[in-house]
Amino acid sequence: MSAWLPYGRQTIEDDDVAAVVAALRDDFLTTGPAVEAFEQDFRQVVGADHAVACSNGTAALHMTMLAAGIGPGDVCIVPAITFLATANCAAYVGADVVFADVDPDSGLMTPATLAEALERAKGRRVRAVLPVHLRGDVCDLPALAALAESAGAIIVEDAPHALGSSLRVGNQQEPVGGCAHSAMATFSFHPVKTIATGEGGMVTTNDAGLAERLRRLRSHGMSRPAGGDPWVYEMVEPGFNYRLPDILCALGRSQLAKLPRFGARRRVLTQAYETALAPLAPRVRIATRPEASDPVLHLMTVLIDFAAIGMTRRAVVDGLAARGVGTQVHYIPVHTQPYWRARNGALSLAGAQAWYDQCLTLPLFPGMADDDVARVVDALTEVLA
Ligand SMILES: *Cc1c(COP(=O)(O)O)cnc(C)c1O
């Protein structure tokens, strides 16, 4: 059997290692100049006024809730197909979650599914809508933002899948993270994401007040009053230690500089998948790309009607694993998790269920060799035969 192909993995090169080693020899291992340098680079890449680095994507989400003043009695709208953290962040601050359904072919929250969720949340204090750019395809942000605004809510994009993706709006190309239609956007640098620092996260925003509060929350709620004595700090609200050390910021900077190359490679591999998978249609379909989305795909998710082909997903997963091909399922609908079922009661969301029943994520990462795509598709063809 040839080498194991995971569904995703980091690409760490010699100059990334050198950047970390240099940071280890610097004066600051944390709270030093590498933090601001990484933030500066990041906000330029995504076109936001402010970027606040933090310890991981979950901390980023938690801080957005706190910075927006969301708390008990408030409601956040979260798509049912996402990672657990998107909903957990609302629970951290005592807010309630109303789950929105998703489009069964793209897995994304749409204006229609958001409108339906807002209808269910009617009469309650909806404070935030958290669209997730699942797989790297970008949600219809202008339409979601208009709906959120009419409900009195902000948009917080949970964007760990979509670093490098952009949205066509009119004749503009809007990078994800530029917050043209949102209050804040969050990112993660977990090893499977588009750039990796091991653990790491970022919040971007164009609102100076939010950025200031995010920085304060990241470090114990401390601020230094202007003109105060050098040792003086003030704690105005209990914050956290959600800092990203200089060692990881140095790695993040080195990785971010490679985003154009990583993104281009992901696009090439995506294109190769589209061609190679075509003969397996209609049994195997690639998740639908929304018209205006120009993605750097994080996940190569296909949809297989397992019931129709008379095979279980488990049999396909096992058959691929036996051929050295790793897969993953993104995601189990969050509203069906025991915690949310107990808290919110049973809820049936047809789009999320249809997506979950059919989705399977195939390997996609920049370090894949040119013939790896053929290897995956050949394995899938064999397994389905
Ligand atoms: C990875 C991810 C997170 C969490 O990021 P961590 O850095 O692992 O905490 C949150 N939401 C989505 C959609 C993710 O993919």
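Cut-off values and rules
- Residues numbered from 1 in each chain as written.
- Predicted model: local features only at pLDDT ≥ 70, side-chain atom pairs only at ≥ 80, totals over all residues.
- Heavy atoms only, no water.
- Phe/Tyr/Trp six-rings, centres within 6.5 Å; stacked < 30°, edge-to-face > 60°.
- Helix = DSSP H or I, 4+ residues; strand = E, 2+ residues; numbered from the N terminus.
- Buried < 20%, exposed > 50% of the residue type's maximum accessible area, 1.4 Å probe, protein only.
- Pairing = 2+ DSSP bridges.
- Axes fitted to C-alpha atoms, helices over the stretch in contact; angles between N-to-C directions.
- Contact = heavy atoms within 4.5 Å.
- 1 Å grid on protein atoms, 1.4 Å probe; cavity = no way out; pocket = protein on both sides within 12 Å on 5 of 7 lines; lining within 4 Å.
- Points joined across faces, edges and corners; volume = space filled by probe spheres on them.
- Nonpolar A, V, L, I, M, F, W, Y, C, P; charged D, E, K, R; others polar.
- Domains from an automatic or database assignment.

Within the structure shown, the criterion is met by eight aromatic pairs. Ring centres of Phe42 and Phe187 lie 5.1 Å apart, and the angle between their planes is 70°; this geometry places the pair in the edge-to-face category. You can see Phe42 sitting in helix α2 (residues 33-46) and its partner Phe187 sitting in strand β8 (residues 184-188), a full 145 residues away along the chain. Judged by its relative accessible area of 0%, Phe42 is buried. A residue is classified by how much of its surface remains accessible, and Phe187, at 0% relative accessible area, is buried. A ring pair is formed by Phe42 and Phe189, whose centres lie 5.8 Å apart and whose planes are at 65°; its orientation type is edge-to-face. Taken together, the residues Phe42 in helix α2 and Phe189 in the loop between β8 and β9 (201-205) connect sequence positions 147 residues apart. Each member of the pair, Phe42 as well as Phe189, is classed as buried. Put simply, the rings of Phe38, Phe42, Phe187 and Phe189 pair up and form one aromatic cluster.

Moving on, we come to the sheet that holds strand β12 (residues 284-286). The three strands are arranged β12-β14-β15 in an open sheet whose pairing can be described as antiparallel. If you trace the sheet from one side to the other, it starts and ends with β12 and β15 (359-362), each paired once. Within this sheet the neighbouring strands show an average axis-to-axis angle of 40°, counted without direction. Where strand β14 (residues 300-304) lies against β15, four bridges are found, and the strand directions are antiparallel. Each residue of the ladder has a partner; that of Met300, found in β15, is Leu362. Across the sheet, helix α9 (residues 259-277) touches β12, β14 and β15, and the angle it forms with β12 is around 150°.

Before going further, it helps to spend a moment on the layout of surface pockets. What the largest pocket holds in volume is close to 510 Å³. Lining the largest pocket are 18 residues, with Thr31, Arg215, Arg218, Ser219 and Arg243 sitting closest to its centre. Counting only elements with at least two residues in the lining of the largest pocket, the list comes to α2, α7 (208-218) and β10 (222-223). Among the residues forming the lining of the largest pocket, the class breakdown is five nonpolar, five polar and eight charged. Considering only enclosed or pocket space, the second largest pocket measures out at about 410 Å³ in volume. Contributing to the lining of the second largest pocket are 25 residues, with Phe83, Ser188, His190, Lys193 and Tyr331 lying nearest its centre. Looking at the lining of the second largest pocket, the elements that each hand over two or more residues are α3 (57-67) and α4 (85-92). Here the element with the most residues in the lining of the second largest pocket is α3; it accounts for three residues. Each residue belonging to the lining of the second largest pocket can be placed in one class, and the counts come to nine nonpolar, 13 polar and three charged. Two domains each donate at least three residues to the lining of the second largest pocket, and these are domain 1 (14-255) and domain 2 (259-384).

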